[in-house]
Amino acid sequence: MNIFATYKTHIDAVVGALMAEGALPAGLDLTRVAAEPPREAGHGDISTNAAMILAKPVGKPPRAVAELLVERLKKLPDVTDVSIAGPGFINLKINDDLWRGALRDVLVEGIRYGNADVGKGEPINVEYVSANPTGPMHVGHARGAVVGDALANLLAKAGFKVTKEYYINDAGGQVDNVARALRMRYLQVLGKITAEDVKGALERKEIQYGGEYLMPVAEALAARDGDKWAAVTDDALWIPPLRDFIVAFMMKIVKEDLAAMGIHHDVFSSEKALTVAGKVDDALAFLEGKGLTYTGVLEPPKGKTPDDYEPRPQLLFKATQFGDEIDRPLKKSNGSWTYFAADIAYHKDKVDRGFNTLINIWGADHGGYVKRVAAALKALTDGKGSLDVLLCQMVRVLNNGEPVKMSKRSGTFITMRDLIEEVGKDVVRFIMLTRKNDAPLDFDFAKVTEKSRENPVFYVQYAHARGRSVFRHAAEMFKGADLMDKGLAAADLSRLTDSDEIGVLRAIASWPRTVESAALAHEPHRLAFYMYDLASAFHALWNKGNDAAELRFLQPEDQAVSLARLALVRAVGLVIASGLAVFGVEPVEEMR
RNA sequence: GUGCCCGUAGCUCAGCUGGAUAGAGCGUCGCCCUCCGGAGGCGAAGGUCGGGGGUUCGAAUCCCUCCGGGCACGCCA
């Protein structure tokens, strides 16, 4: 139950009644009227901007409108006081029992507390990772993977019907290139050429992938097929089988790494399968039928030295009709489809599968690609489909403030697997969600494992562990007492009276609206900050007990107050666990 | 040159989609604790929200413009 949503409904009803009576003009738009926690706790419990929003359409100053509302608002359930403040805020004070009721909700609902229905079961497709099957995933992929996965979980919690999807780019020139590199390594494994030869080929740019990670693949190929590919020199004969081999090999590794990260996609879509099934041709025919393609010549790119540029007629998509800067090529000069053409087909495929709302998680280096895909989607759906692309900025990997060197060209880079093995998937996942996706992120091996308030993972997990520790003590102290969630829900919560205790209850009560707003904004990182704040309030309460023994959660001489406080402790743990579940992080029982 | 993202305390960052006196951690300064309810606590100083215009009851938030940083820029993916 979302208390703020409830009061928003109440406030709307009050305004509605006044409109019906003619005290306010009819037909007022209430969508921007909000019921929120006030910035300052001293201002009350729930604050509404209704008077300020309505002032203009009503034609009276905010405070005059507020006067009209106040008497009615006073009569709302559990409202103990109403005041007008500042430019026209109306602040409601409500009975503390309402906060206590929220606590009871948590105990009854468990980690489902905060589940919302703003999604109304609408299908939504979240595509993330989609790393090329040409090598292992690195830190950048890890960030996108975690952001996408947490966002998908968050949307599911908010009531959307979420599909987690991965697009395998197994059809373009890059997979051919990695097949070429694989062949070199294969010949090396067979002893037909040396490591120096491979290096030379790399320097002469005959191959583009030089990483050592290709060696196990080459060995596996040799183990399966012996030397049969050494004698085959016709590209058309050896590239496809080697390409298929390495794609399968890499996808197996990708899936294993994702599993180690706790990530499981519902759907894997293959670019190659899409192409073979003729869906690219279909999609382009569809656009052609709408008169949105033509053959033309693009201007050379501005600001870049167009040394190898030559004007060349190409099949283009009229992206400019849908907000893009230039029309975009669909066919390469060799006659094959561009990546974009296949991507159009892919997005059409998503729409055909019933998704109107699409979310893609990409690296920031793909930012220049967003407009054309959005344009294509508009063209494909007559403007009905919506696409939100979340661009993830760079991750800087540090150790104690010192940058950890990375070079993809030399083949040595920090892989996602490295991160997991170094600090564990839970730490990786949480840290990746402590920044907005469009802000750069520092990942410092030393700091993320530090045991201090500076480290949000530790601080949040510590709060959870402390709560569990209290329960271990309570089981000893109150043998026979019902410490299960249901039992605690029956505790006399009126014994929770300390202002900091009520403060924690308020924080708990605002979890559902945090979930809703984060989901609608596609910003899972907000939950990290919420959890940090809740943990902070909980630790503060704990510290207070250090100084004042009568505020400690467990009072051996007073089981009733202890049970009430245990209910609070448990609720904090459940809400943290609820947030961590969205993040795919396991709450810990104790710190080790 | 064009497009997208970013610019908030000395540092790292929040800021709930336009609300009240702009917050937190670190650092600095002052006081307290040395306790396994442990991996510190309390308090203070510190801001022209990059600059300048505009929109309105009200702007860090929306619009314009300039400055600074990142990313991208026909047939790669």
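Given the structure is predicted, the values throughout are model-derived calculations rather than measurements.

The rules behind each value
- Sequence order as written defines residue numbering, which begins from 1 separately in each chain.
- All chains are assigned letters beginning at A, and all ligands numbers beginning at 1, according to the order in which they are written.
- Local features are withheld for residues below a pLDDT of 70 in this predicted model, meaning they are given only at 70 or higher, and side-chain atom pairs are given and counted only at 80 or more; totals for whole chains, interfaces and linings count all residues.
- Think of the side-chain values as coming from all heavy atoms in the structure, minus any hydrogens and water.
- Marked domain ranges trace back to an automatic or database domain assignment.
- The contact definition used throughout considers only heavy atoms, calling two residues in contact when any of these lie within 4.5 Å.
- Buried area, as used here, totals the accessible surface that two parts lose on assembly, with accessibility defined by a 1.4 Å probe and the loss added over both.
- Whenever Lys or Arg places a side-chain nitrogen within 4 Å of a carboxyl oxygen from Asp or Glu, that contact is recorded as a salt bridge.
- Each polar contact in these results corresponds to two N or O atoms within 3.5 Å; when the atoms are within protein, one needs to be able to donate a hydrogen and the other to accept it, and residues that are neighboring in sequence are counted only if both atoms are side-chain atoms.
- Charged means Asp, Glu, Lys or Arg here, nonpolar means Ala, Val, Leu, Ile, Met, Phe, Trp, Tyr, Cys or Pro, and polar covers whatever is left, Gly included.
- Per-residue confidence from the predictor is given as pLDDT, running between 0 and 100.
- Where helices and strands are cited, they refer to DSSP runs of H or I of at least four residues and of E of at least two residues respectively, numbered from the N terminus.
- Buried, partly exposed and exposed residues are distinguished by accessible area as a fraction of the type maximum, computed with a 1.4 Å probe on protein chains only: under 20%, between the cut-offs, and over 50%, respectively.
- Put simply, the grid is 1 Å and covers the protein atoms alone, a cavity is a trapped set of points that fit a 1.4 Å probe, a pocket is an open set with protein on both sides within 12 Å along at least five of seven lines, and lining residues have an atom within 4 Å of a point.
- Grid points are joined across faces, edges and corners, and a volume is the space filled by probe spheres set on the points.
- Here a residue is near a molecule or strand as soon as one of its heavy atoms is found within 4 Å of it.

Draft legend 1. Region of interest: the domain arrangement of chain A. Domain annotation for chain A reports domain 1 (3-94), domain 2 (123-168 + 264-392), domain 3 (173-260) and domain 4 (452-583). Across the contact, 6 residues belong to domain 1 and 4 residues belong to domain 4. With both chains or domains summed, domain 1 and domain 4 bury close to 430 Å², and 53% of this area falls on carbon and sulfur atoms. The tally of links from domain 1 across to domain 4 stands at 1 salt bridge. Arg-506 is the salt-bridge partner of Asp-45, the closest N and O atoms lying 2.4 Å from each other. Applying the counting rule to domain 1 against domain 4 returns 1 residue pair in polar contact (both at pLDDT 80 or more). Its residues assigned to classes, the side of domain 1 that touches domain 4 comprises 4 nonpolar, no polar and 2 charged.

Draft legend 2. Layout of the confidence of the model for chain A. Residues with a pLDDT of 70 or more make up 98% of chain A, whose mean pLDDT is 93. For chain A, per-element mean pLDDT is lowest for strand β14 (residues 402-403), which scores 85, and highest for strand β6 (residues 161-168), which scores 98.

Draft legend 3. Examining helix α15 (residues 425-432) more closely. In terms of residue burial, α15 counts as a mostly covered element, since 7 of its 8 residues are buried. When we look at burial in α15, the residues that qualify are Asp-426, Val-427, Val-428, Arg-429, Phe-430, Ile-431 and Met-432.

Draft legend 4. Quick look at the environment of Arg-435. Relative to the helices and strands, Arg-435 is located in the loop between α15 and β15 (441-444). Counting along the chain gives 56 residues from Arg-435 to Ala-491, while the straight-line C-alpha distance between them is 39 Å. Sequence-distant contacts of Arg-435, defined by excluding residues within four places in its chain, comprise Arg-143, Pro-440, Leu-441, His-525 and Phe-529.

Draft legend 5. A look at empty space enclosed by the protein. Across all of its chains, the model carries 2 cavities of 30 Å³ or more by this definition. Approximately 40 Å³ is the volume found for the largest cavity. Taken together, Val-147, Met-432, Leu-433, Arg-435, Lys-436, Asn-437, Pro-524 and His-525 make up the full set of residues lining the largest cavity. Across the lining of the largest cavity, the residue classes tally to 4 nonpolar, 2 polar and 2 charged. Space inside the second largest cavity adds up to approximately 30 Å³. Lining the second largest cavity we find His-464, Gly-467, Arg-468, Phe-471, Val-569, Arg-570 and Gly-573. Of all elements in the fold, only α17 (456-477) and α22 (559-583) reach the threshold of two or more residues within the lining of the second largest cavity. The element that contributes the greatest number of residues to the lining of the second largest cavity is α17, accounting for 4 residues.

Draft legend 6. Geometry of the protein's contact with RNA strand B. RNA strand B sits among 63 residues. The nearest are Phe-89, Pro-301, Lys-332, Ser-333 and Asn-546. Within 4 Å of the protein, the contacting atoms of RNA strand B are 58% sugar and phosphate, with bases supplying the remainder. Between RNA strand B and Lys-332 there is a distance of 2.6 Å, counted from a phosphate oxygen to a side-chain nitrogen or oxygen. At 3.2 Å from a phosphate oxygen of RNA strand B is found a side-chain nitrogen or oxygen belonging to His-525. Secondary-structure elements contributing two or more residues to the surface near RNA strand B are α2 (50-58), β4 (89-94), α6 (173-189), α17, α20 (511-521) and α21 (525-547). Looking at the surface near RNA strand B element by element, the count peaks at 7 residues for α21.

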